Amino acid sequence: MRLAKNLRAFLRVGTVGALAYRADVIVWLLSTTMPLIMIAFFGAVTRDGAIGRYHEPQIVAYFLATFIIRSLTASWISWQINLDIRDGTLGSRLLLPVHPLVAYAAESIGGMPVRALGSVVIAGIMLALLGPSAVAHDPVIWILWCVSVAAAWLLSLLVSVTIGGLAFFVDSSAKVMDAWLAGLFVFSGYLIPVDLFPPRLRAVVDWLPFRYQIGLPVELMVGAHDRASAVGLVGRQLLFVVVLALVTFAVWRRGVARFAAYGG
Amino acid sequence: MIEVQNLRKDYSVHKRPPGALAALRSVLHRKYETVRAVDDVSFQVAAGERIGLLGSNGAGKTTTLKVLSGLVHATSGAVRVAGHDPRRRERAFLERISLVLGQRQRLLWDLPASETFELHRVVYGISRPDFAATMRELEDLLELGDLSSRPTRELSLGERMKCELAAALVHRPTVLFLDEPTIGLDVGMQLAVRAFVQRYNERHGATVILTSHYMDDVVALCPRVIVLDQGAVAYDGSLEALVRRVRPEKRVVLRLTRAVLPADLAALGMVVRHAPLEVVLDVDPARIQTTLTEALAALPIRDLTVEDPPLEEVMAEIFAGQRDARRKAPS
Amino acid sequence: MPRYLRLFLAQLRISLLVSAQYRVDFLVDGAIEILWTSTALAPLIVVFASRDRIAGWSFGEALIVVGFFTLLQALLEGVLNPSFVAVAEHVRKGTLDYVLLLPADAQFLVSTGRFHVWRSVNVLTAAGIFVVGFRELGRAPTLASAAFGLTLFAVAAILMHSLWTLAMCTVFYAVKADQITDVLSATLDASRWPSSVFRGGTRLVLTFVVPLGLMTTVPARAFLGDEGVLLPCVALLEAVALALIARVVWRRAIARYTSASS
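Keep in mind it's a predicted model, so treat the numbers as computed, not measured. In every chain, residue numbers begin from 1 and rise along the written sequence. Ligands are numbered from 1 and chains lettered from A, in the order in which they are written. For this predicted model, a pLDDT threshold of at least 70 governs which residues receive local features, and a threshold of 80 or more governs which side-chain atom pairs are given and counted, while totals over whole chains, interfaces and linings are taken from all residues.

Concerning the overall build of chain B
Each helix is a run of DSSP H or I of at least 4 residues and each strand a run of E of at least 2, with the numbering of both proceeding from the N terminus. Scanning chain B from N- to C-terminus turns up twelve helices and 13 strands. Dimensions along the principal axes, computed over C-alpha positions, put chain B at roughly 70 × 55 × 40 Å. Two residues qualify as being in contact provided that their C-beta atoms, derived from the backbone, are within 7 Å of each other. Of all intrachain contacts in chain B linking residues separated by at least 6 positions in sequence, the fraction that spans at least 24 positions is 71%.

Some remarks on the overall build of chain A
Per the secondary structure count, chain A includes 13 helices and zero strands. Beginning at the N terminus, the succession of helices and strands in chain A can be written as α-α-α-α-α-α-α-α-α-α-α-α-α. Labels follow a simple rule on C-beta atoms placed from the backbone: if 20 or more others lie within 10 Å of a residue's own, it is buried; if 12 or fewer, it is exposed; otherwise it is partly exposed. Expressed as a percentage of the 264 residues in chain A, the buried residues total 42%.

A few points about the packing of helix H7 (residues 143-168) of chain C against helix H10 (residues 212-224) of chain C
The relative placement of two packed helices comes down to the angle between their axes together with the axis-to-axis distance. Residues and elements named next belong to chain C. It is the contact of H7 with H10, at a shortest axis distance of 7 Å, that shows an interaxial angle of 170 degrees. By the angle class used here, H7 and H10 are roughly antiparallel. Contact residues: H7 offers Ser145, Ala146, Phe148, Gly149, Leu152, Phe153, Ala156, Leu159 and Met160, while H10 offers Leu214, Met215, Thr216, Val218, Pro219, Ala222, Phe223 and Leu224. Gly is put with the polar residues, along with every residue not named as nonpolar or charged; the nonpolar set is Ala, Val, Leu, Ile, Met, Phe, Trp, Tyr, Cys and Pro, and the charged set is Asp, Glu, Lys and Arg. When its residues are assigned to classes, the contact of H7 with H10 shows 14 nonpolar, three polar and no charged. An axis is simply a line fitted to the C-alpha atoms; with a helix, the fit covers only the stretch in contact. Between two such axes, the angle follows the N-to-C directions and lies from 0 to 180 degrees. An angle below 35 degrees is treated as roughly parallel, one above 145 as roughly antiparallel, one from 65 to 115 as roughly perpendicular, and anything else as oblique.

A short note on the interface of chain C and chain A
The interface is formed by 24 residues belonging to chain C together with 25 residues belonging to chain A. Contributions of two or more residues to the side of chain C that touches chain A are made by helix H2 (26-48), strand S1 (53-54) and helix H8 (177-189) of chain C. With ten residues, the single largest contributor to the side of chain C that touches chain A is H2(C). Within the side of chain C that touches chain A, the residues separate by chemical class into 17 nonpolar, three polar and four charged.

Thoughts on the interface of chain B and chain C
Taken residue by residue, the interface counts 24 residues in chain B and 22 residues in chain C. At the level of secondary structure, the elements contributing two or more residues to the side of chain B that touches chain C comprise helix H3 (91-94), strand S5 (97-101) and helix H4 (113-124) of chain B. The dominant element in the side of chain B that touches chain C, judged by the number of residues it contributes, is H4(B), at five residues. Grouping the amino acids of the side of chain B that touches chain C by side-chain chemistry returns 13 nonpolar, five polar and six charged.

Concerning the arrangement of the chains
In this assembly, two pairs of chains are in contact, and the pair with the greatest number of contacts comprises chains A and C. Chain B makes no contact with chain A, the minimum C-alpha separation between the two being 15 Å.

Focus: the sheet that holds strand S3 (residues 50-54) of chain B
Within a sheet, adjacent strands bond to each other through the backbone by hydrogen bonds, running parallel or antiparallel. All names here are of chain B. On the basis of which strands lie adjacent, the open sheet formed by six strands has the order S5-S6-S7-S3-S8-S9 and mixed pairing. Only two strands of the sheet have a single neighbouring strand rather than two, namely S5 and strand S9 (232-238). Geometrically, the sheet is characterised by an average inter-axis angle of 15 degrees between neighbouring strands, direction not taken into account. Pairing geometry for S3 and strand S7 (residues 207-211), over four bridges, is parallel. Each residue of the ladder has a partner; that of Ile51, found in S7, is Ile209. On top of the sheet, helix H9 (residues 239-246) reaches strand S8 (224-229) and S9; it is set at about 110 degrees to S9, its chief contact. The rule for pairing is simple: two strands pair if DSSP sees at least two bridges between them.

Comments concerning the pairing of S3(B)
Along S3(B), five of the five residues are buried, which leaves the element largely enclosed by surrounding structure. Of the two faces of S3(B), the one holding B:Arg50, B:Gly52 and B:Leu54 and the one holding B:Ile51 and B:Leu53 are both buried throughout.

Regarding unusual backbone geometry
Residues and elements named next belong to chain B. Within the chain, Asn6 stands out as a residue other than glycine whose phi angle is a positive 50 degrees. Looking at the secondary structure, you find Asn6 in strand S1 (residues 2-14). For Asn6, a count of 13 C-beta atoms within 10 Å translates into the label partly exposed. Not every positive phi belongs to a glycine, and Glu143 is a case in point at roughly 55 degrees. Within the element layout of this structure, Glu143 appears in the loop between helix H5 (128-142) and helix H6 (157-169). We classify Glu143 as exposed; it has 12 C-beta atoms within 10 Å.

Digging into the nonpolar core
Counting residues in hydrophobic clusters, the biggest one holds 136 residues, and the most contacted among them are A:Phe41, A:Phe63, A:Ala65, A:Leu155, C:Leu72, C:Ala156 and C:Met160. If you tally residues by element for this core, the top one is helix H3 (residues 59-93) of chain C, at 18 residues. Apart from the residues within four sequence positions on either side, A:Leu155 is in contact with A:Pro209, A:Tyr212, A:Gln213, A:Phe240, A:Val241 and A:Leu244. What we call a nonpolar core is a set of buried Ala, Val, Leu, Ile, Met, Phe, Trp, Tyr and Cys residues whose membership is set by joining through C-beta atoms within 7 Å. Ranked by size, the runner-up nonpolar core spans 75 residues in total, among them B:Val38, B:Val81, B:Ala167 and B:Val175.

Quick word on the confidence of the model for chain B
Of all residues in chain B, 92% have pLDDT values of 70 or greater, and the mean over the chain is 86. The ipTM, which scores confidence in the relative placement of chains, is 0.87 for this predicted complex, and the corresponding pTM is 0.84. The predictor attaches a confidence to each residue, and that confidence, scored 0 to 100, is pLDDT.

What about H6(B)?
All names here are of chain B. Given a helix with a known number of residues, its expected span is that number minus one, times 1.5 Å. In this model, H6 (13 residues) spans 19 Å end to end at C-alpha, consistent with the 18 Å of a helix rising 1.5 Å per residue. For H6, the complete set of buried residues consists of Met161, Lys162, Cys163, Glu164, Leu165, Ala166, Ala167, Ala168 and Leu169. Buried residues along H6 sit in contact with S5, H4, H5 and helix H7 (187-204).

Let's talk about the sheet that holds strand S13 (residues 301-307) of chain B
Residue and element names in this part refer to chain B. Read from one edge to the other, the open sheet built from four strands follows the order S11-S12-S10-S13, with strand pairing classed as antiparallel. Each edge of the open sheet is held by one strand with a lone partner, namely strand S11 (270-275) and S13. In this sheet, adjacent strand axes meet at a mean angle of 15 degrees when their direction is disregarded. The pairing of strand S10 (residues 250-256) with S13 spans six bridges and is antiparallel. Bridge pairing links Leu256 to Ile301 in S13.

Brief notes about the environment of C:Val24
Here C:Val24 shows up in the loop between helix H1 (3-21) and H2. Beyond its immediate chain neighbours, meaning those up to four positions away, C:Val24 contacts C:Ser19, C:Asp29 and C:Trp118.

Here's the deal with the domain arrangement of chain B
In many analyses, interface size is given as the accessible surface area lost on bringing the parts together. Domains assigned within chain B are domain 1 (2-244) and domain 2 (249-308). Each domain's limits were defined by an automated method or a database of domain assignments. Here domain 1 of chain B and domain 2 of chain B have C-alpha centroids that lie 42 Å from each other.

What to know about H8(C)
All names here are of chain C. Given a rise of 1.5 Å per residue, 13 residues ought to cover 18 Å, and the 19 Å separating the end C-alpha atoms of H8 matches this to within 8%. Turning to H8, its buried residues are Ala177, Ile180, Thr181, Leu184 and Leu188. The arc enclosing the buried residues of H8, seen along the axis, measures out at 100 degrees, which places them on a common side. Packing partners of the buried residues in H8 comprise H3 and H7. Note that the arc is computed from the directions linking the helix axis to the C-beta atoms.

Remarks on the packing of helix H10 (residues 174-187) of chain A against H2(C)
For the pair H10(A) and H2(C), the least separation of the axes is 9 Å and the interaxial angle reads 15 degrees. Judged by the angle between their axes, H10(A) and H2(C) are roughly parallel. Handedness of the H10(A)/H2(C) crossing: left-handed. Residues A:Lys175, A:Asp178, A:Ala179, A:Ala182, A:Phe185 and A:Val186 of H10(A) pack against C:Val28, C:Asp29, C:Ile32, C:Leu35, C:Trp36, C:Thr39 and C:Ala42 of H2(C). Of the residues that constitute the contact of H10(A) with H2(C), the class distribution is nine nonpolar, one polar and three charged. Crossings are assigned a handedness: left-handed for a near helix turned anticlockwise from the far helix by less than a right angle, right-handed for a clockwise turn.

Rendered as structure tokens:
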């Protein structure tokens with residue numbers, strides 16, 4: 001089937017691209033030091049006494065998990081889209097028999113194996129250092145975790161593509177992405193476990209999309225939730241994915257029309 | 001002003017044979033080859049002279065200029081420019097020289113050229129009155145108009161080159177190294193650049209070393225040329241003498257009113273081209289008068305010119321001669 | 001005016017004009033800078049809501065460290081990393097020759113090649129953080145400790161510049177600029193906490209080998225009036241040593257470039 005062949009082609013582009021830029025990926029992994037810095041910080045904090053439900057081993061487990069989830073779900077496509085729109089190469093993408101969004105997604109998947117490799121290494125370190133008690137034991141939780149990671153990846157992709165798509169309407173949406181990233185760092189659980197926030201802030205954060213990009217898979221991974229609440233939270237995450245998908249398609253439909261009208 | 005003695009420059013180049021296996025091997029162990037870019041070059045240039053540095057690509061022209069300006073360190077030999085050793089990059093030295101690389105841009109891309117001029121004014125420590133006077137002169141000589149107040153990226157290639165030249169001269173250098181300054185320019189702009197260089201040299205007594213692939217630049221500007229071939233000096237002297245030595249013949253171009261047979265031309269000289277209504281001959285200068293008389297008598301001539309052979313051909317012959325000499329000589 | 005100060009201002013002016021050309025929205029970009037700085041404060045605020053000390057530092061004291069970190073970050077992201085990208089472009093386009101032809105120190109020209117002026121808003125943010133920090137402590141810094149702290153910050157800036165120069169020289173060996181600037185930013189990140197947050201070997205390495213501790217924790221303690229003489233002397237010695245090493249490496253890199261370029 002032609003669609004399948006096209007997708008395979010994009011997957012290959014993504015993989016080859018990722019391999020060609022594997023040095024980039026390695027350097028990115030090396031410069032994603034934020035989880036390590038937070039381990040240092042919270043390590044010092046928990047040495048003086050547990051904070052929330054976290055003793056030192058749990059907090060280390062938590063942040064190693066954030067490293068894994070971040071490397072699996074991070075998306076830089078918004079910058080790529082900005083470039084494509086600005087220099088007009090989006091035009092050539094639009095001529096292809098595959099919707100550009102699908103193409104971007106496939107390229108992102110193509111880069112997965114290389115990124116997953118880094119994550120596997122870190123996961124191995126995590127288990128070796130902290131033992132199996134660091135992670136969840138319930139197989140149902142792990143099934144939900146798989147769903148959650150996929151949803152988190154998709155959510156990050158949609159956010160990236162939507163914000164990238166804003167470049168159809170303004171000069172550059174790089175600043176919007178920057179602002180979103182700042183929000184992501186603070187409210188997703190990347191810098192601070194979400195359950196350490198004061199209760200009122202916690203209530204707000206539960207209904208912001210950030211936590212569902214990184215925090216939720218991390219929390220599931222370290223066994224912070226029982227089955228019932230896990231199901232509920234993953235459900236909410238999927239809801240966010242659906243809502244965001246609708247926004248993405250709306251932005252792109254208007255954006256592409258505008259691009260075609262003005263020639264980019 | 002400029003003294004070069006036994007200049008030698010070798011480069012270590014990593015040569016990788018084709019093929020995947022060789023590529024893999026080169027990651028672990030690289031093989032380096034020595035390329036001799038400049039081979040025992042010696043010459044002297046007096047202050048205020050204009051000389052052309054000629055040679056095919058890779059002959060060592062740009063490398064020589066870069067050594068003279070201190071950008072490249074020679075492997076061996078002695079170089080002195082304006083009493084300085086270029087390698088030491090002394091401030092007094094840098095303030096007296098200027099290098100223009102025709103294919104590389106010094107102007108700030110996003111801003112008007114005037115901002116580059118101002119930056120140079122500060123770097124070179126030029127006082128505002130001196131700067132204003134220099135700019136007035138350069139604007140006049142180069143006919144800049146308002147070019148320097150528009151962002152560089154909006155200028156055409158020729159306009160940019162004019163501003164590049166101005167930027168190179170803000171500090172009133174006394175030694176100019178011009179590496180292919182007219183490359184890519186249209187004919188009108190080439191003429192303008194040539195005229196400018198000549199006027200600047202005459203007005204300020206600046207020493208000029210120019211490299212160019214356009215022989216017209218050399219003919220117009222350089223009474224003396226140094227020809228480099230494979231890094232060595234093949235000739236150093238006046239352009240006229242070079243042409244006379246290599247290709248002493250005069251080129252006679254006859255435009256005819258009707259076609260003639262080759263046999264009719266044989267006695268006149270060596271036929272370079274024989275088109276139906278045009279004939280080009282190379283004639284021994286000693287026999288010019290007799291040849292022309294015979295031609296005018298025997299052939300249906302509409303128009304006639306006598307000129308020197310094209311410089312490109314002369315150069316090609318020099319290089320071919322050098323190559324043959326090298327091939328014959330034992331290595 | 002001293003020559004190099006004039007040159008610095010001329011380079012700064014060029015960067016300002018280029019930013020204006022590209023319609024850099026100083027307000028929006030400044031706001032985003034402030035946003036990012038607050039992400040550095042978030043963990044501190046959350047944790048200090050439930051306890052008084054982290055690794056022996058109180059909230060106010062920890063804020064002083066974050067303040068110096070913010071200043072260093074303003075230097076790195078506002079001056080050094082943009083200049084890094086500019087040098088890489090010069091090497092790629094072959095126009096570094098023109099820089100080397102100018103009668104001024106090439107290392108200086110290259111260090112001031114480009115400024116992202118909007119990042120200097122972090123200088124104000126840092127000042128704000130200092131003010132809040134001392135308010136938390138319920139006192140003001142003495143003139144002596146303020147002078148001491150700022151002097152040690154100058155030492156820290158020299159250390160930062162030397163580290164940056166060493167990283168920048170890799171550009172002559174054909175490495176991608178973007179990656180190195182990311183690594184530098186990530187390395188500086190570790191200096192946002194007081195160095196006592198780290199333990200044992202890591203702490204020694206991050207204080208003296210990659211002297212992050214000397215760059216933020218020591219000036220902070222000086223500003224607070226808690227620093228002795230030993231560590232500042234070490235910092236000064238290390239700054240001088242690193243500056244000399246960076247200078248030598250730079251000259252070697254340029255020599256290699258001038259010998260190898262054609």
